[in-house]
Amino acid sequence: MSSSSSSKTLRKLEVVSPVPADIDIANSVEPFHISEIANELNLSSNHYDLYGKYKAKVLLSVIDELQGRENGYYVVVGGITPTPLGEGKSTTVVGLCQALGAFLDKKVITCLRQPSQGPTFGIKGGAAGGGYSQVIPMDEFNLHLTGDIHAITAANNLLAAAIDTRIFHEASQSDKALLNRLCPLKKGKRTVADVMFKRLTKLGISKTNPDEFTPEEVKKFVRLDIDPETITWRRVMDVNDRFLRKITIGQGPEEKGMVRETGFDISVASEIMAVLALTTSLSDMRERLGNMVIGNSKAGDPITADDLGVGGALTVLMKDAINPTLMQTLEGTPVLVHAGPFANIAHGNSSIVADKIALKLVGSGGFVVTEAGFGADIGTEKFMNIKCRYSGLNPQCAVIVATIRALKMHGGGPEVVAGKPLDQAYTSENVALVEAGCVNLARHISNTRAYGVNVVVAVNMFSTDSEAELNAVKSAALAAGAFDAVVCTHHAHGGKGAVDLGIAVQKACESVTEPLKFLYPLDISIKEKIEAIAGSYGASGVEYSEQAEKQIDMYTKQGFSSLPICMAKTQYSFSHIPSNKGAPSGFVLPIRDIRASIGAGFIYPLVGTMSTMPGLPTRPCFFDIDVDTTTGKVLGLS
């Protein structure tokens, strides 16, 4: 690592009121060359690869070089149960980091997920933050970035092709013909590919010369005998295309009637994305990719990517994607962007490797702030019980973002619908409605405090919020056990509007004394783990479908019951019913099905219906997106 640091790369924002469109603010600021941001972190040029002027991939070797260095403080930002409009978690993460770095003179790194093209062109818009708290260049952040999602798409679809091709070849060839092709003659001798030694061990075959295999061993080795009914691996693309949710493949004349139903997910729902987010090294990623289970054999044995011989090739496609992307905020503080797993089906957090690099780079007294997707019942719970288990990292503080509008909705306010004007209840003072909705905030606070971290509530202020409403939230938060509750105006004022939040977070980190506590141990049964999480939602019990019972038995027999649980449920309620606002309790949580991401390392129960391929609305965000052909600047991104 280089020993000297350059002068601080911080930028004073010229704030305008009313706040202009996000893309206009982003385009009004000339980013620093990314090498300046890297120098500020004491990274030398051999620690990163440049991707243009404003992005760089930070290499994992940094973790090894800084192994002995003390970690900084680790802060996770979650939220209350959101409205469909979102409550500004990403904006709060960026504003908090701008406050810590540009105003409180702390070493700080923001760690964010990479956004999918789905929301960017669909209904929600991008995920670079908003107003005067953004990651820039905003267009690059929200679009191709450094190609990680493209790499995931390519790897995912290579595995999908390998599955159907293997079924096709096994159906049309004898055992001997399969062996001849899988282990071709080289210089007069048959050899087993390196990737297949794992399979030989799994099958209990100690021989390495295929010519010495008995006919029974040949059959076991060459026939995966995949049961098409059990295949869980689907193809992916990074576009909201509802018409690909269910498709039929194998209709060409050359496929000889091998037709089956499957479908597409959006790329960020791929298990490969979850693997990228939870991996800790290149060798760990190779192991996880090879261990991904795509379905079962007809005898009920799990079939992995390495059984198909493709684990090494998947790792090659992902070898650059494992390095986090370095960017910057509007005020010149550093950002690491990495991974973007679906927050329902997967764990919805950015990567372990980005957090580990960041914690070493900021060092003792510095801050790493990362975001957990959706409300704290989903994102923060998975951050603690899945991400922190695999990383071994201990957060000191959890921020819960709240808005007056969301609390009013939880207090019984009218339905909030994306694309429709807000009801007057949300734009005029109603303290009673806010107070009624604070039951939602209170449950998130008590759930999060149970992990042994201090909780700071960030009230993301809108211009229509009254002082009496804001005070009601602060009082309710402190009564529920929050360490502090702070009103923030970072969307309108940048880091300056989150200085009080930065001070509260610093105090919360410095005063934490408890070790991290998990919600459940790993050595209890799958059902006991599910029931522990359901209890945190307020459920009085859990009801399992016949299919879910069957899957629990199968995963237990296959030896996967010690994995953590990643609950797939709606983000719009503690319960399984999106319209149940506030803090519902006494309900029975229905588990429709249970699936497993064995490579990523979790089992995910499906609560109700979860779409893994979103659809486009009548008027998608892409209506507003264009390019200025004179300047080349992107227009209309949000």
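The structure presented is a predicted model; accordingly, all values stated were derived computationally and were not measured.

Caption draft 1: Focus on the overall build of the chain. Across its full length, the chain holds 22 helices and 26 strands. For the chain, whose C-alpha radius of gyration is 25 Å, the value lies close to the compact-globule estimate of 26 Å for 638 residues. Reported as C-alpha extents along the three principal axes, the dimensions of the chain are approximately 80 × 60 × 50 Å. For the chain, the proportion of its 638 residues judged to be buried stands at 57%. Counted over contacts in the chain with a minimum sequence separation of 6, partners at least 24 positions apart contribute 76%. Total accessible area on the chain stands at roughly 25000 Å², and carbon and sulfur atoms take up 52% of it. When the 61 positive and 66 negative side-chain charges of the chain are each reduced to one mean point, those points stand 4 Å apart.

Caption draft 2: A look at the nonpolar core. With 87 residues, the main nonpolar core has Leu159, Ile163, Ile226, Trp233, Met318, Leu336 and Phe602 as its most contacted residues. Leaving out residues up to four positions away in the same chain, Leu336 has contacts with Val58, Ile109, Thr110, Cys111, Leu112, Pro324, Thr325, Leu326, Ala354, Ile357 and Ala358. By size, the runner-up hydrophobic cluster in this structure holds 45 residues, among which are Ile25, Val29, Ala99 and Val337.

Caption draft 3: Inspection of the packing of aromatic side chains at higher detail. Across all of its chains, the model carries 5 aromatic pairs by this definition. Here Tyr74 and Phe383 contribute two aromatic rings whose centre-to-centre distance is 5.5 Å and whose plane-to-plane angle is 55°, an arrangement assigned as tilted. Here Tyr74 is found in strand E3 (residues 73–79), whereas its partner Phe383 is found in helix H15 (residues 379–391), with 309 residues between them in sequence. The exposure classification of Tyr74 matches that of Phe383, with both residues buried. Centroid distance Phe602 to Tyr604: 6.3 Å. Interplanar angle 65°. Geometry classified as edge-to-face. The exposure class of Tyr604 is buried, given its relative accessible area of 11%. Sitting above the plane of the Phe32 ring, Arg11 keeps its charged end 4.3 Å from the centroid. Positioned above the aromatic ring of Tyr544, the side-chain terminus of Lys527 is 4.6 Å from the ring centre.

Caption draft 4: A look at the layout of surface pockets. As a volume, the second largest pocket reaches approximately 1200 Å³. What lines the second largest pocket is a set of 45 residues, among which Ile231, Thr232, Trp233, Arg234 and Arg595 lie closest to the centre. If you list the elements that add at least two residues to the lining of the second largest pocket, you get strand E11 (260–262), strand E12 (264–266), helix H11 (271–278), strand E13 (293–296), helix H22 (546–557), strand E23 (593–597) and strand E24 (602–606). Considering each element in turn, the lining of the second largest pocket owes the most residues, 5 residues, to H22. Tallied by class, residues from the lining of the second largest pocket come to 19 nonpolar, 14 polar and 12 charged. Taken domain by domain, the lining of the second largest pocket gets at least three of its residues from each of domain 2 (149–315) and domain 3 (526–606).

Caption draft 5: Spatial organisation of the pattern of salt bridges. Counted under the stated rule, the structure contains 27 salt bridges. In this structure, Asp306 and Arg286 form a salt bridge, with 3.0 Å as the shortest nitrogen-oxygen distance. Taken together, the residues span a long stretch of sequence, with Asp306 in the loop between strand E14 (302–304) and helix H13 (311–318) and Arg286 in helix H12 (residues 282–291) at a distance of 20 residues. Residue Asp306 is classed as buried on the basis of its relative accessible area of 3%. In this structure Arg286 comes out as partly exposed when scored by relative accessible area, which is 26%. One salt-bridge network, held together by shared partners, links Lys198, Arg286, Glu287 and Asp306.

Caption draft 6: Structural detail: the environment of Gly86. When you line up the elements, Gly86 lands in the loop between E3 and helix H4 (89–103). We classify Gly86 as buried; its relative accessible area is 18%. Note: C-alpha distance between Gly86 and Thr403 (317 residues apart in sequence) is 9.4 Å.

Caption draft 7: Molecular detail of the environment of Pro605. Its location among the elements puts Pro605 in strand E24. Beyond its immediate sequence surroundings of up to four residues, Pro605 is in contact with Ile530, Ile565, Cys566, Met567, Ala568, Ile591, Asp593 and Ile594.

Caption draft 8: View of empty space enclosed by the protein. Under the defined criterion, the tally for this structure stands at 3 cavities of 30 Å³ or more. Here the second largest cavity defines a volume of roughly 50 Å³. What lines the second largest cavity is Gln114, Pro115, Ser116, Gln117, Asn142, Leu143, His144, Gly147, Ile149, His150 and Asp238. The class makeup of the residues in the lining of the second largest cavity is 3 nonpolar, 7 polar and 1 charged.

Rules behind the numbers
- Residues numbered from 1 in each chain as written.
- Predicted model: local features only at pLDDT ≥ 70, side-chain atom pairs only at ≥ 80, totals over all residues.
- Heavy atoms only, no water.
- Helix = DSSP H or I, 4+ residues; strand = E, 2+ residues; numbered from the N terminus.
- Rg over C-alpha atoms; globule rule 2.2 N^0.38 Å.
- Buried < 20%, exposed > 50% of the residue type's maximum accessible area, 1.4 Å probe, protein only.
- Contact = heavy atoms within 4.5 Å.
- Areas by Shrake-Rupley, 256 points an atom, 1.4 Å probe, with all protein chains shown as cover.
- Lys, Arg positive; Asp, Glu negative; His and termini not counted.
- Charge placed at Lys NZ, Arg CZ, Asp CG, Glu CD.
- Core = buried A, V, L, I, M, F, W, Y, C linked by side-chain atoms within 4.5 Å.
- Phe/Tyr/Trp six-rings, centres within 6.5 Å; stacked < 30°, edge-to-face > 60°.
- Lys NZ or Arg CZ within 6 Å of the ring centre and 35° of its normal.
- 1 Å grid on protein atoms, 1.4 Å probe; cavity = no way out; pocket = protein on both sides within 12 Å on 5 of 7 lines; lining within 4 Å.
- Points joined across faces, edges and corners; volume = space filled by probe spheres on them.
- Nonpolar A, V, L, I, M, F, W, Y, C, P; charged D, E, K, R; others polar.
- Domains from an automatic or database assignment.
- Salt bridge = Lys/Arg side-chain N within 4 Å of Asp/Glu carboxyl O.

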